[in-house]
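Descriptive analysis of the structure
One letter stands for each residue in the lines below.
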Amino acid sequence: MSDDDTPRYLPIADHGVIGDLRTAALVGIDGRIDWFCCPRFDSPSVFGSLLDSSKGGSWDVSMVDGLVSTRQFYLPDSNVLVTRFMSEDGVAEVQDLMPLAKPRDPDHRSRIVRRIECVRGRVTMSTRVDPAFDYGRAEHTATAVDDTHVTLTGGDLTLYLASDVPLEVDGGVVSALIRLGVGEAATFSLGVDEIPDDEVDSDASDDIIHGTVRFWQAWLAQSNYTGRWREMVHRSALALKLMTHEPTGAIVASVTTALPEEIGGERNWDYRYVWIRDAAFSLYGLLRLGFNDEAAAFMGWLTRRFSDGNDADGRPLRLMYTIDGETPPDEEPLEHWEGYRGSTPVNIGNGATNQMQLDIYGELIDSVYLFNKYGPGISWNSWNQLCGVMSWLVDNWDQTDESIWEVRSESQNFVYSRLMCWVAFERMIRMSRQRGLPGDVATWMQTRDEIFDQIMTKGWNEERQTFTQTFESERLDASLLLIPAVKLLSPTDPRFLSTLTAIEDQLVSDSLVFRYDASDHDDGLTGTEGTFSLCSFWYVEALTRVGRRADARLAMEKMFTHANHLGLYAEQVGLTGEQLGNFPQAFTHLALISAAFNLDRELGN
């Protein structure tokens, strides 16, 4: 493929992801790294051509001659990505990874390793490293140390590029032309700290790849999932693990920012933070698969948030945090970037951080309940802190909020938020009784019942025979598919069955589910959006619970066709099947795990 034929923007789905439990990079099927933030998930980007093809910076690898086709796959049960370049002259493989040696390695050094190997014929490959530090806002310099070592400095960050082949520096761009025969290879290593000569030799060997593969395979071997969809479930587990920040235990919602929910639209958010909701659901998915260490690490992170004290508005928890547990920065558009396929604004930071979202308390406490049930159990200190949270919730559950979908219109009485507040009290009552833990159970029971009655009266539309998004309205919401999953009602309760029918009639399109009807702009935003893959997997789970097993299995198999070539999902799927929104999304992969787990159980062996 010539440079003129190279698309300015690859489809979102045409990417794989690599990472080292500190940060991650997206690698296009054309060999281009077009997204990489350094040194952490939420750091400014070094390669960002995913959001501006001319100004964002990238690290390209390409085959020079002939008509070239490419394929991608992961080495088995790992996050080591292989991109194959195939032409009449030969076949080359680019093995991309961020090396990992052992869990919680005190000597870990973040770096991207790209190993180019000829596996058939003779090939000529080129690579071009053209960074754009600080989202392209900082000028940078490239300085040759010697023929095979270059420093790249921009703003307050210096990266070190090393290779076992000669490098050429032209301005701020580093390039190399590599001619390889069968069995010959060239290796490039880009890291934050200065690269020792012996490490360059190590990165150029097979050992670095095999060691990283062994790391991922040893981690995945802890999974207790043996069901029908092992490949999809395990790829989802590996994706969730990639979005874990090992030093703190935090789990980010995604590794990208500003990928659009509608091409050309304004719904472009920064997901490189820790949502209490997303992380709590991810905790549930990891517990289901037997990854108790990750669950315990996140509980540690969460306990530290309780210890931080209430936020400025007196709430015991914010809805989202940075990896370190701080308040995310205010929303800021990168006005010098054109956005993915012209989708602006390109937002960094997140303006929803100050919203009231009461549902997070139910999601959090439900995950703590599961951790207490399936994991090592909640500590006395954590229980005491949860009791303090419940004291606040007793006085504040009956408020308007922005709820799970973070609407940018005025706050309302969302039924889903009431549902999850009910869950919070119900699970605290269960934990108190199961463990004999002290708490104000009488008050919790009274509050739980008040919420239940409110949902049944104000959240139910008698004329339409459905639960609605907000009190005394007609608008539907796919989040209400969770009613039987959280055990508010039996899955065979007539009220839930008629709600499911209404959602199928208005929000389901060939098994794909819209979270709500966005066309009326009642959420305070212009434009529309795709179907929410999270909701589509919730739909599978709802069908499973009501006993429609054949329908659930068909919907599940259809959803698998919307994964990309590596089994990864962005946030949404457009009506023509394209992936939309930030990629990959933890919430979606968690919902896949939950749906597969529950459907497997219903179908039997």
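It should be noted that the structure appears before, not after, this text.
Calculation notes
- Just so you know, the residues in each chain are numbered from 1, in the order the chain's sequence is written.
- Where totals are concerned, whole chains, interfaces and linings use all residues; where local detail is concerned, this predicted model gives features only for residues with pLDDT of at least 70, and gives and counts side-chain atom pairs only at 80 or more.
- Remark: hydrogens and water are excluded; side-chain values derive from all non-hydrogen atoms of the structure.
- Each helix is a run of H or I in the DSSP string that is no shorter than four residues. Each strand is a run of E no shorter than two, and both are numbered from the N terminus.
- Between the two quantities, the radius of gyration covers C-alpha atoms and the globule rule is 2.2 Å times the number of residues to the power 0.38.
- Each residue is assigned to one of three classes by its accessible area relative to the maximum for its type, calculated with a 1.4 Å probe on protein chains only: buried under 20%, partly exposed between the two thresholds, exposed over 50%.
- The contact rule is simple, with two residues in contact once any of their heavy atoms fall within 4.5 Å.
- The charge count includes Lys and Arg as positive and Asp and Glu as negative, but it does not include His or the ends of the chains.
- Throughout, a charge is located at the NZ atom of Lys, the CZ atom of Arg, the CG atom of Asp or the CD atom of Glu.
- Throughout this description, the term nonpolar core refers to a set of buried Ala, Val, Leu, Ile, Met, Phe, Trp, Tyr and Cys residues connected via side-chain atoms within 4.5 Å.
- Between 30 and 60 degrees the pair is tilted, below 30 it is stacked and above 60 it is edge-to-face, where a pair is any two Phe, Tyr or Trp rings, Trp via its six-membered ring, whose centres lie within 6.5 Å.
- Placement of a positive charge over a ring is assigned whenever Lys NZ or Arg CZ falls within 6 Å of the ring centre and within 35 degrees of the normal to the ring plane.
- Any two strands between which DSSP finds at least two bridges are classified as paired.
- Angles shown run from 0 to 180 degrees and are taken between the N-to-C directions of axes, each axis being a line fitted to C-alpha atoms and, for helices, limited to the stretch in contact.
- Any angle from 65 to 115 degrees is called roughly perpendicular, while one under 35 is roughly parallel, one over 145 is roughly antiparallel, and all others are oblique.
- Here is the rule for handedness: rotate from the far helix to the near one, and if that takes an anticlockwise turn smaller than a right angle the crossing is left-handed, while a clockwise turn gives right-handed.
- Salt bridge, as used here, is a side-chain nitrogen of Lys or Arg placed within 4 Å of a carboxyl oxygen of Asp or Glu.
- One fewer than the residue count of a helix, multiplied by 1.5 Å, yields its expected span.
- Think of it as three bins: nonpolar holds Ala, Val, Leu, Ile, Met, Phe, Trp, Tyr, Cys and Pro, charged holds Asp, Glu, Lys and Arg, and polar takes everything else, Gly as well.
- Cysteine sulfurs are considered disulfide-paired once they come within 2.5 Å of each other.

**Observations regarding the overall build of the protein chain**
- Scanning the protein chain from N- to C-terminus turns up 14 helices and 28 strands.
- Whereas a compact globule of 605 residues would reach a radius of gyration of roughly 25 Å, the protein chain reaches 25 Å, a difference of no more than 12%.
- The principal-axis extent of the C-alpha atoms belonging to the protein chain is close to 75 × 50 × 45 Å.
- Taking all 605 residues of the protein chain together, 63% fall into the buried category.
- Counted over contacts in the protein chain with a minimum sequence separation of 6, partners at least 24 positions apart contribute 67%.
- One finds the centroid of the 52 positive side-chain charges in the protein chain at a distance of 7 Å from the centroid of its 92 negative side-chain charges.

**Brief notes about the nonpolar core**
- Residues Trp59, Phe188, Leu393 and Trp538 are the most contacted members of the largest nonpolar core, which totals 200 residues.
- Leu75, Val82, Ile208 and Val213 belong to the second-largest nonpolar core, a separate cluster that totals eight residues.

**Quick look at the packing of aromatic side chains**
- Tallying each qualifying case throughout the model produces 17 aromatic pairs.
- A ring pair is formed by Tyr9 and Tyr340, whose centres lie 5.5 Å apart and whose planes are at 70°; its orientation type is edge-to-face. One end of the pair, Tyr9, is in the segment before strand S1 (15–19); the other, Tyr340, is in the loop between strand S20 (332–333) and strand S21 (347–348), and 331 residues separate them in sequence.
- For Tyr9, a relative accessible area of 11% puts it in the buried group.
- What links up through ring pairs into an aromatic cluster is the set Trp405, Phe532, Trp538 and Phe587.
- In this structure, Arg114 packs its charged tip against the face of Trp59, placed 5.3 Å from the ring centre.
- Directly above the ring of Tyr74 sits Arg235, whose terminal nitrogen or CZ lies 4.0 Å from the centroid.

**As for the sheet that holds strand S27 (residues 572–573)**
- On the basis of which strands lie adjacent, the open sheet formed by three strands has the order S26-S27-S28 and antiparallel pairing. Where the open sheet ends on each side, the last strands, each with one partner, are strand S26 (531–532) and strand S28 (579–580).
- Across two bridges, S26 lies against S27 in antiparallel orientation. What sits directly across from Phe532, in S27, is Gln572.

**Description of the pairing of strand S10 (residues 140–146)**
- Pairing geometry for S10 and strand S11 (residues 149–154), over six bridges, is antiparallel. From the neighbouring strand, His140 faces S11, where its bridge partner is Gly154.

**Things to note about unusual backbone geometry**
- Each neighbour pair has its own omega, and for Cys38 with Pro39 the value is 10°, a cis peptide bond.
- With respect to the helices, strands and loops of the structure, Pro39 is situated in the loop between strand S3 (33–37) and strand S4 (45–47).
- Backbone torsion omega between Phe583 and Pro584 reads -20°, so that peptide bond is classified as cis.
- With respect to the helices and strands, Pro584 occurs in the loop between S28 and helix H14 (586–603).

**Describing the packing of helix H6 (residues 292–307) against helix H7 (residues 359–374)**
- In the contact formed by H6 and H7, the axes pass within 11 Å of each other and the chain directions differ by 135°. By the criterion of interaxial angle, the relationship of H6 to H7 is oblique. Pair H6 / H7 crosses with left-handed handedness. Along the contact surface, H6 presents Asn292, Ala295, Ala296, Met299, Leu302 and Phe306, while H7 presents Leu364, Val368, Phe371 and Tyr374.

**Quick look at the pattern of salt bridges**
- Tallied over the full model, the rule gives 32 salt bridges.
- Between Arg114 and Asp96 there is a salt bridge whose closest N-O contact spans 2.5 Å. A residue pair is termed long-range when its members are at least 10 positions apart, and Arg114 in strand S9 (residues 111–130) and Asp96 in strand S8 (residues 90–97) qualify at 18 residues. As far as the burial class goes, Arg114 and Asp96 line up, both buried.
- The partner of Asp551 in a salt bridge is Arg548, and the shortest N-O contact between them spans 3.0 Å.
- With a relative accessible area of 36%, Asp551 lands in the partly exposed category.
- Where salt bridges share partners, they join Glu261, Arg267, Arg515 and Glu529 into one cluster.

**Quick word on the pairing of strand S2 (residues 24–28)**
- Among the five residues in S2, five count as buried, and that is most of the element.
- The side-chain alternation of S2 yields two buried faces, one formed by Ala24, Leu26 and Gly28 and the other by Ala25 and Val27.
- Where S1 meets S2, five bridges bridge the pair, whose relative direction is antiparallel. Bridging across to S2, His15 finds its partner in Gly28.
- The hairpin formed by S1 and S2 contains four residues between the paired strands, and Leu21 there has a positive phi angle of roughly 70°.
- Looking at chain direction, S2 and S3 are connected through three bridges and run antiparallel. Paired with Val27 across the strands is Ile33, a residue of S3.

**Focus on helix H4 (residues 230–242)**
- The end-to-end C-alpha distance of H4, which contains 13 residues, comes to 18 Å, matching closely the 18 Å that a straight helix rising 1.5 Å per residue would cover.
- Summarising burial for H4: eleven of the 13 residues are buried, a large majority.
- Residues Met232, Val233, His234, Arg235, Ser236, Ala237, Leu238, Ala239, Leu240, Lys241 and Leu242 constitute the buried set of H4.

**Looking at the packing of helix H5 (residues 276–289) against H6**
- Following both chains from N to C, one finds H5 and H6 inclined at 155°, their axes separated by 8 Å at the closest point. Here H5 lies roughly antiparallel to H6, going by the angle between them. The two elements H5 and H6 meet at a crossing, and its hand is left-handed. Side by side, H5 and H6 meet where Ile276, Ala279, Ala280, Leu283, Leu286 and Leu287 of the first sit next to Asn292, Glu294, Ala295, Phe298, Met299, Trp301 and Leu302 of the second.
- A breakdown of the residues in the contact of H5 with H6 according to their chemical character gives eleven nonpolar, one polar and one charged.

**Digging into the state of the cysteines**
- Inspection of the entire model under this criterion finds zero disulfides.
- Cys38 takes part in no disulfide bond, and the closest cysteine sulfur, belonging to Cys37, lies 8.9 Å away.
- Judged by its relative accessible area of 5%, Cys38 is buried.
- A disulfide-free cysteine, Cys535 has its sulfur positioned 19 Å from the sulfur of Cys421, the nearest such atom.
- Cys535 gets classed as buried once you look at its relative accessible area, which sits at 0%.

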